[in-house]
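Below are the chains, spelled out letter by letter.
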Amino acid sequence: MARKQISAETLIELAARALREELAPSLPPDKRYVAAMAASALDIARREILTDGESAQWALLDKLYDDGEGSPRQLAADIRSGKLSDKTHPDLAASLRKLLVAELEIRNPRFLKTALASTPDAR
């Protein structure tokens, strides 16, 4: 008999829900914050698994640098120094905005929803 395997995303979702709904309410008040942080970390991990969290970052780096030569640190340094700008790469700001949106979809989707609602052209 074949066993049905539960996906990692589903396991993480179940663990976060159990932590929030079953365990946290029974904890002393000073421990509920830690439980909320742990549940939030599980939610972030789940969204990262579901969306391949670094694909937007690597797509941007691959567009700006030779294969495998770019890094987030290098990108930041090149922007600060002026080596990369809207003059050298006219779509740089739009690409960075896409990267930010992709990161917020994983790390803080509620903030992203609020930000997009207040800035219609943000996406």
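First, a word on what this report is: a plain description of the structure on this page. Because the structure is predicted, anything quoted here is derived from the model rather than measured.

Side note on the overall build of the chain
The secondary structure content of the chain amounts to 6 helices and 0 strands. If you list the helices and strands of the chain from N to C, you get α-α-α-α-α-α. Computed over the C-alpha atoms, the radius of gyration of the chain is 19 Å, more than 25% above the 14 Å expected from 2.2 N^0.38 for a compact globule of 123 residues. Counting contacts in the chain only where the partners sit at least 6 residues apart, residues at least 24 apart contribute 43% of the total. Total accessible area on the chain is roughly 9300 Å²; 56% of this is exposed by carbon and sulfur atoms. Taken as two groups, the 19 positive and 19 negative side-chain charges of the chain have centres that lie 6 Å from each other.

A short note on helix H3 (residues 55-64)
Listed as buried for H3 are Leu60, Leu61 and Leu64. What you see down the axis of H3 is that its buried residues fit within an arc of 95 degrees, all on one side. Elements that come into contact with the buried residues of H3 comprise helix H4 (72-81) and helix H5 (92-107).

What about the nonpolar core?
Counting residues in hydrophobic clusters, the biggest one holds 7 residues: Leu60, Leu61, Leu64, Tyr65, Leu75, Leu84 and Leu92. The element best represented in this core is H3, accounting for 3 residues. Excluding its chain neighbours within four sequence positions, the residues that come into contact with Leu84 are Leu64, Tyr65, Leu75, Asp78, Ile79, His89 and Leu92.

So, the pattern of salt bridges
Per the counting criterion, the structure on display carries 6 salt bridges. Residue Arg46 pairs with Glu13 through a salt bridge whose shortest N-O separation is 3.7 Å. Residue Arg46 is found in helix H2 (residues 29-51), and its partner Glu13 is found in helix H1 (residues 8-23); the two are separated by 33 residues along the sequence. On the basis of relative accessibility, which here comes to 24%, the residue Arg46 falls in the partly exposed class. Using a relative accessible area of 30% as the deciding quantity, one classes Glu13 as partly exposed. Close ionic contact of Arg20 with Asp43 constitutes a salt bridge, the shortest N to O distance being 2.4 Å. Of this pair, Arg20 sits in helix H1 while Asp43 sits in helix H2, and the two are 23 residues apart along the sequence. Each of Glu13, Arg17 and Arg46 takes part in one network of salt bridges that share partners.

About the cut-offs
Residues numbered from 1 in each chain as written. Predicted model: local features only at pLDDT ≥ 70, side-chain atom pairs only at ≥ 80, totals over all residues. Heavy atoms only, no water. Helix = DSSP H or I, 4+ residues; strand = E, 2+ residues; numbered from the N terminus. Rg over C-alpha atoms; globule rule 2.2 N^0.38 Å. Contact = heavy atoms within 4.5 Å. Areas by Shrake-Rupley, 256 points an atom, 1.4 Å probe, with all protein chains shown as cover. Lys, Arg positive; Asp, Glu negative; His and termini not counted. Charge placed at Lys NZ, Arg CZ, Asp CG, Glu CD. Buried < 20%, exposed > 50% of the residue type's maximum accessible area, 1.4 Å probe, protein only. Arc of directions from axis to C-beta. Core = buried A, V, L, I, M, F, W, Y, C linked by side-chain atoms within 4.5 Å. Salt bridge = Lys/Arg side-chain N within 4 Å of Asp/Glu carboxyl O.

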